[in-house]
Amino acid sequence: MTPTAEPLQGNQRATYREVLAEPRFRLLFSTRAVAITADALRITTFSVLVFSSTGSALLSAVAFGIGFIPQLVGSLLLGSLADQLPPRALITGGYALTCATALLLALVRMPVAASLCVVALVSLATPVFHGASSRLVAQSLKGDAYVLGRSLNNIAGAGAQLFGLALGGAAVAALGPRRALVVSAVLYLGCALAIRIRLPRLEPAEFGGTAGSAGADGGAVRASLRGAGLLLRGRTVRRLMLAQWLPVALVAGAEGLIVAYAGERQFAPGWYAVLMGCLPVGMLVGDLLVGRLLRPRARERLVVPLAALAGLPLIGFAAEPGVGVSSGLLLLSGLGYAYGLGLQRPFLDALPQDGQGQAFGLLGSGSMTLQGVGPVCLGAVAAGIGTGGAIALAGVAVALTAGWILTWHAPISPLPAPNHSTGSENSTEQHACSPSAE
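Summarised in this report is the structure supplied together with it. (Residues numbered from 1 in each chain as written. Predicted model: local features only at pLDDT ≥ 70, side-chain atom pairs only at ≥ 80, totals over all residues. Heavy atoms only, no water.)

Here we look at the pattern of salt bridges
The final tally for this structure, using the stated rule, is five salt bridges. Ionic pairing is found between Asp 39 and Arg 32, a salt bridge with its closest N-O pair at 3.7 Å. As far as burial versus exposure is concerned, Asp 39 and Arg 32 are alike and both buried. Arg 42 is the salt-bridge partner of Asp 39, the closest N and O atoms lying 3.9 Å from each other. Here Asp 39 and its partner Arg 42 are both found in helix α2 (residues 23-54), three residues apart, which amounts to about one turn of the helix. Looking at Asp 39, the relative accessible area reads 18%, which means it is buried. Among the charged side chains, a network of salt bridges with common partners joins Arg 32, Asp 39 and Arg 42. (Salt bridge = Lys/Arg side-chain N within 4 Å of Asp/Glu carboxyl O. Buried < 20%, exposed > 50% of the residue type's maximum accessible area, 1.4 Å probe, protein only. Helix = DSSP H or I, 4+ residues; strand = E, 2+ residues; numbered from the N terminus.)

Here it is as structure tokens:
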């Protein structure tokens, strides 16, 4: 199957309808949305299962986050496989592996330590599957269509996560945690079957990969470490990764304090859930507006203002506002998340053609890891200055990050020069003008 979305040059704007018309993207998009729902269901249900078995809030929290932090290690050690193995086998295998994990947790009564180890080990391979999927999206959508594809993934991801959390609560209440885990396994199995049946078999060479290079160079681990080193040593790629990691991690850290903030302010029971929902709602609206209404160059010009918008409202928590003002501040902060859309085209342009899968895996795993570290760090700060002050400090840090981006970010990334030679480094097939992260 060849990509059907033609490259969009210059400042031409794509539409969501054009993006969804591409069959390969539509398949990857729909299965990823279902998988995110299953992720949220599995993670929350596993946390409930651990708490019901141990009565330990600490172990329950560890169960909730145990699948996040090991992903960075997995990306560093195995990330090159996303560019070297057939994508259909990788993506199908990823969904099948998570299905088997959910079934194992549901059906086998293991010690808590053993179940935590199982989840952590499986998460090591997650960046490989996600990197292969992201690489296929980048190959299928060109120009502004790719940026809107990332926007759609963000929107669907936030919505699917909210739905998965709600489904998890209902499933646990109706079926119990172990049967709820079986429900998540069924969702993963459906994704695996859909990819296996509907995605054509593509060898790495067919989508720009490097088949067999890992073995020739001494193994996947050595190739992955070398590839990650090359990516992170490149100043442009490193800056663009940090720009996408830091604000998100800091805001996630602030989000992790919302429950404690609501408790300290003695808000009515249940209001913490409303506050926690404001950020994803803002993210949905921001991605939709920025992705649908603005042209590519306008998005790139607004990277710094939108990044600042993600942080500045949080500073208002220093005054310890009530429910209404707090909700508004969090909603505004969520709108600022759309800054990332303006970084997608420069990021993809900066990647080596034979390392895109590893780069996307590293980008996603680094973001997940920092989002796990952020709440821990800000929680420690909150112990000294209070939750309102810690949330405000996170806002200051995001604003400073926006200022740092201003010092190097070119608001309009250079466009490939017209060249019809197939071997040219400036051909639009090699440098797609566009950018998730399932």
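Section: the packing of helix α15 (residues 303-315) against helix α19 (residues 387-408)
It is the contact of α15 with α19, at a shortest axis distance of 6 Å, that shows an interaxial angle of 165°. The angle between α15 and α19 places the two elements in the roughly antiparallel class. Taken as a pair, α15 and α19 cross one another with a handedness that is left-handed. Together, Val 303, Val 304, Ala 307, Ala 308, Ala 310, Gly 311, Leu 312, Leu 314 and Ile 315 of α15 and Ile 391, Ala 392, Gly 395, Val 396, Val 398, Ala 399, Ala 402, Ile 405 and Leu 406 of α19 make up the contact between the two elements. Here the residues of the contact of α15 with α19 are counted per class, giving 16 nonpolar, two polar and no charged. (Axes fitted to C-alpha atoms, helices over the stretch in contact; angles between N-to-C directions. Parallel < 35°, antiparallel > 145°, perpendicular 65-115°, else oblique. Left-handed = near helix turned anticlockwise from the far one by under 90°. Contact = heavy atoms within 4.5 Å. Nonpolar A, V, L, I, M, F, W, Y, C, P; charged D, E, K, R; others polar.)

Topic: the side chain of Glu 300
As for its placement among the helices and strands, Glu 300 is situated in helix α14 (residues 296-301). At a separation of 2.8 Å, a polar atom in the side chain of Glu 300 contacts the side chain of Arg 345. (Polar contact = N/O pair within 3.5 Å; in protein donor to acceptor, adjacent residues only side chain to side chain.)

Overview of the packing of aromatic side chains
Throughout the structure, instances matching the rule amount to six aromatic pairs. When the ring of Tyr 146 is compared with that of Phe 360, the centres are 6.5 Å apart and the planes differ by 55°; the resulting orientation is tilted. In this pair, Tyr 146 sits in helix α7 (residues 144-175) while Phe 360 sits in helix α18 (residues 356-385), placing the two residues 214 residues apart along the sequence. Tyr 146 gets classed as buried once you look at its relative accessible area, which sits at 0%. Look at Phe 360 and you get buried, because its relative accessible area is 5%. (Phe/Tyr/Trp six-rings, centres within 6.5 Å; stacked < 30°, edge-to-face > 60°.)

So, the environment of Val 183
Within the fold, Val 183 resides in helix α8 (residues 177-198). A relative accessible area of 29% means that Val 183 is categorised as partly exposed. C-alpha separation for the pair Val 183 and Ala 38, spaced 145 residues apart in sequence, amounts to 8.1 Å. Beyond its immediate stretch of four places on either side in the chain, Val 183 contacts Leu 41 and Leu 175.

So, unusual backbone geometry
A positive phi angle is found at Gln 266, which is not glycine, with a value near 60°. For Gln 266, the position within the fold is in the loop between α12 (258-264) and α13 (271-293). The phi dihedral of Glu 320 falls on the positive side, at around 50°, and the residue is not glycine. Here Glu 320 shows up in the loop between α15 and α16 (323-335).

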